[in-house]
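# Coordinates in review
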Amino acid sequence: MPPPCRIRLTALTLLLSASPFTVAAPLAAQPAYMVADLTTDIAPNWGGIVYGPILEELDGVGYFFHNDGVRGTELWRTDGTALGTYLLRDLCPGICGAAQLNSLDNLRTVGGALYFAASDGIHGTELWITDGTALGTRPVRDIYPGYWSSEPSTFVAVSGQLFFAANDGVHGRELWRSDGTEKGTYMVADASAGPPSCAPIAIVPATDRLFVGCSAYEAPQGLWVSDGTPTGTVRISDQTLWTQPRFKSRSSIALSGGRLLFEGTETPAFGTELWISDGTAPGTHRLADLRPGPDSSSPANFVVVAGEVLFTADSDPLHQGSEIWKSDGTVAGTVSVPIPSSLAPRLAPGLFAVRGDTLYFAGEEPATGMELWKLEGGVASLVKDIRPGPESSIDAIGGFPFFNGSILVSVGGGVLVLANDGVHGPELWSSDGTEAGTTLVSELAPGDATPGLDLFLQAFHSPVLGERLILRVHDPVLGYRLFQSDGSLAGSGYFDAISAGGSSFFPTRSNLAFFEVTGPFCFEGAGNRLIFESFQTPPERWVAWGTDGSAAGTVALTDPGETFNFRSEFLSCAPLGAGVLFGGSTEVQSGIWFSAGTPETTSLLLSEGDATAPLNSRLRPNLVVRGSEVVFATEASLYRSDGSAEGTVAFSDAAAYWYGSLTTLPHGTIYFGDFELQASDGTPGGTYQVADLNGANSSSPTDLTPLGEHELVFVAFDDALGEELWASDGTEERTRLLADIRPGPQGGLARPFGEYSFNGSPTRLAGLRYTVLLAANDGVHGAELWVTDGTPLGTGLLRDIYPGDYPSTPRSFTLLGERIFFSAESEIEGRELWSTDGTYPGTTLVKDLVPGAASSIPDDLVVRDGVLYFSAWTENYGREAWKSDGTAAGTVRITDVAPGPLSSSPQRFARAGNRLYFSATDQTHGYELWAISDDGTIPLFLDGFESAGSDRWSAAFP
């Protein structure tokens, strides 16, 4: 191979031989180029709140969920070596990620298999199983059929079977069991009959029975006992259990003989005290009032040490912290353990470890601060004052940005504790229980720096593989690395890096996966420039940019040294004339802005001080074009703007409801969802409530969609009907229910819980000129394609794309010309791209991109200049960008940014000038700004000769 300088010279020769300024396009996919690598530092997990790695061991290998920055959160494995650490399988191809925040702790080994909760992007979050190989990783059962999620959780292994909580969409969230087969996966009992949920939050095995704590979303909470059969599952108490199996600190524990010791509450007489149950209603009662009277002793942190059950409680109102107690399940056997009166044990939220017959815990005294203690033979003693004097070496709670506190875990021949001696910063110390045997064994971060450990790490069972602690540590330059320690200095150190390059763009809220951390909404063309927001480091901050498609032409719209936030968590942006209107804030100014993509054309139209605070709107969408102006909503008011400061005026102080939306009809009437349907002519005093659809409660109108010139179709909630389809012409008399699609309170347009977010939810309706298409579930066909012309007789099922009761779940409705494009799943073609003109014969598959029952999972659908752009996955090219004119021949792949089967996961398609812009990753630089020019050319010098950086050549030749 030639030396690096020869490679760069060859690239330059190729460029100059084609043209002084351009390079010819290849014959395959269109030549995409990276406009600019705006950030190099690697942010922690898309900037979201995460915890882990929550490690589950199977045959000497640890499994955990991790987001490497390019493939979303997927299942990884490690054996403690670099070669043995890798992604097991990309279950949801591309950026979408198989697991969301509420799935990361659902890993459980049962026999020779590992169960986990994940989504493949087609069937929602369901129960999966693996034998530790990619080929042996498969879904167990689609419990909630179709795209919606059963959200399996609270995994417990009992007698070779998995017991867990799940929602099948019919019976609510109940207790399930599985032997790893589809047939052997079924609901144990419908504890709260019908759609209401028992919602098991805790499942505790006890000899020959399970104790189940129901948090009961719609029904009274309570404690249940089950033998694994419907008839053997009964409610025994109004008390319940709240501790998840993965939490280290527990509020209940099983005793011999199938009994349960737990924290129960009786108010106002006794407060929260110690309870016991033998599995019967008469045998479930308060065992002891440790703090007599209405105040609570709050028993917690139950643990078995030397065959005895220990727990913390607070019996003395003058005591500075909890005491340590023990119990054998009898009143006489429930006694306090003597400890120094000055000592406050801090076991919560997980600062304890059991090694042999010894309990190690964090304890606080005035003279020593919080340090490592042990309880051995009934005697409590200080192990070592790691940070001499009254300052603490152990952080019980943690503070932002560390937000973790210490960890304490049994490993090797003793315990490991994260402690700060005042010199080295928070590091791992190993202890054999003696002062001399308590020594520093790690350098997680240099000097006295704080290591980037995962949040809430101390609250969960520690990630231990065999006799080694495995930690995931974040570094802004190196990304995530895995660290292990066996308790010795020689056996402690980093062994693998598991992150890709730094990203300027976070993923948008993908339709493929619920609870994905969102990135900016504003990514909009203004003339020949693109306006967008990116996350830049160092230092970590948001920056507003304008670009002409070159690195030199990519400039910050405000002071590049200060943070600019588009307020994308609530407020999107809209084109207006030659620029873009958006909500945003710098460190000194906040409000509504207008920009044509350069610093000179960027100005604040409306300050947050102008009676608009806070400039947050939960209306989705909350900016809509109305002729030559934009109408937008804040939480306080509705505004109109022509792009000038004097032309930006409030016309209504109506409140904005959380899940509302905003639209206009061709004749100019503005509609928006408040607690009820509202309308306005855009003038002060011209806003009124159209109709009260749900009496004393809110109908929460959403998905407002024009129908013809003067009508509106929308979704609204009724206590008796659930979410159903309504229509209105703006008068109370003509505001009517179009169809009770699914009789009963569940509603034909109900969303699963996971689809609600602060950043809006996917639309369920899409309008052609005189018809509206929708995805609805009548309880017979599953979620399928429906149509309405605004009359009850003209409202019905258009096509059962997946015949029978299994849903095709049409999603991502996008209008192009006289057709609506969407993705849907069929039995023969899998989830692919479809389109409809509102008639049965005109509802057809556009193209089967992955022939057969496999799926390309089209996503990110958007129309720009009369062309449909979207992302899709194929076996040979991964998830890349595609375009379509509505025909099979005109549906083609346009990028291969991540070569071969790797996925670049393009999102945010926008056009400006002669370029198509999008965010994508080549799996080297993270998610950055990419572009394709209409004539197939790319800029010669992407940095405008300002630098000689070799990274620009990699941009020119992706």
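The present account deals with the structure reproduced in this document. (Residues numbered from 1 in each chain as written. Predicted model: local features only at pLDDT ≥ 70, side-chain atom pairs only at ≥ 80, totals over all residues. Heavy atoms only, no water.)

### Some words on the sheet that holds strand E61 (residues 772-777)
- Overall, antiparallel pairing links the four strands, which are arranged E60-E61-E62-E63 in an open sheet. Across the chains shown, the open sheet's two edge strands, defined by having one partner strand only, are strand E60 (765-767) and strand E63 (796-799). Taking each pair of neighbouring strands and ignoring which way they run, the sheet shows an average axis angle of 40°.
- As paired elements, E61 and strand E62 (residues 783-788) share six bridges and run antiparallel to each other. Within the sheet, the bridge partner assigned to Ala775 lies in E62 and is Leu785. (Pairing = 2+ DSSP bridges. Helix = DSSP H or I, 4+ residues; strand = E, 2+ residues; numbered from the N terminus. Axes fitted to C-alpha atoms, helices over the stretch in contact; angles between N-to-C directions.)

### A look at the nonpolar core
- If you look at the biggest cluster of nonpolar residues, it comprises 22 residues, and the most contacted ones within it are Val35, Phe523, Leu530, Phe532, Tyr917 and Leu929.
- Mapped onto this core, the elements with two or more residues apiece are strand E1 (33-36), strand E41 (529-536), strand E42 (541-547), strand E72 (907-912) and strand E74 (927-933).
- Phe523 has contacts with Phe505, Leu530, Ile531, Phe532, Cys573, Arg908, Phe909, Ala910, Tyr917, Phe918, Ser919 and Leu929, leaving out every residue within four places of it along the chain. (Core = buried A, V, L, I, M, F, W, Y, C linked by side-chain atoms within 4.5 Å. Buried < 20%, exposed > 50% of the residue type's maximum accessible area, 1.4 Å probe, protein only. Contact = heavy atoms within 4.5 Å.)

### Here's the deal with the pairing of strand E21 (residues 284-288)
- Where strand E20 (residues 271-277) and E21 come together, four bridges link them in antiparallel fashion. From the neighbouring strand, Ser277 faces E21, where its bridge partner is Thr284.
- Linking E20 to E21, which pair antiparallel, is a turn of six residues; within it Gly279 sits at a positive phi near 95°.

### Quick look at the packing of aromatic side chains
- Counting across every chain of the model gives 18 aromatic pairs.
- Both rings, one in Phe505 and one in Phe532, keep their centres 5.7 Å apart while their planes meet at 35°; by these two values the pair is tilted. Of the two residues, Phe505 is situated in the loop between strand E39 (492-497) and strand E40 (523-526) and Phe532 in strand E41; the sequence distance between them amounts to 27 residues. Comparing Phe505 with Phe532, the two get one shared label, buried.
- Between the aromatic rings of Tyr869 and Phe909, the centroid separation amounts to 6.0 Å while the plane-to-plane angle is 25°, which identifies the pairing as stacked. Of this pair, Tyr869 sits in strand E69 (residues 867-874) while Phe909 sits in strand E72, placing them 40 residues apart in sequence. Per residue, the accessibility class of Tyr869 equals that of Phe909, and both read buried.
- Cluster of aromatic residues (ring-pair linked, three or more members): Phe65, Phe116 and Trp128.
- The residue whose ring lies beneath Arg472 is Tyr480, and the NZ or CZ to ring-centre distance is 5.0 Å. (Phe/Tyr/Trp six-rings, centres within 6.5 Å; stacked < 30°, edge-to-face > 60°. Lys NZ or Arg CZ within 6 Å of the ring centre and 35° of its normal.)

### Some thoughts on the environment of Ala32
- Mapped onto the fold, Ala32 is located in the loop between helix H1 (4-18) and E1.
- Residue class for Ala32 comes out buried when judged on its relative accessible area of 7%.
- Separated by 899 residues in the primary sequence, Ala32 and Ala931 place their C-alpha atoms 5.5 Å from one another.

### As for the pattern of salt bridges
- Across all of its chains, the model carries 20 salt bridges by this definition.
- The shortest N-O distance in the salt bridge between Arg235 and Asp238 comes to 3.1 Å.
- Overall, the relative accessible area of 36% leaves Arg235 in the partly exposed class.
- By relative accessible area, Asp238 is classed as exposed at 56%. (Salt bridge = Lys/Arg side-chain N within 4 Å of Asp/Glu carboxyl O.)

### Here we look at the state of the cysteines
- Enumeration according to the criterion identifies three disulfides in this entry.
- Cys522 shares a disulfide with Cys573; S-S distance 2.2 Å. Handedness here is read from the sign of the S-S torsion; for Cys522 and Cys573, about 105°, the answer is right-handed. Remark: Cys573 occurs in strand E44 (residues 573-576) and Cys522 occurs in the loop between E39 and E40; sequence separation between them is 51 residues.
- Looking at Cys522, the relative accessible area reads 2%, which means it is buried.
- Given the relative accessible area of 12%, Cys573 is considered buried. (Disulfide = S-S within 2.5 Å.)

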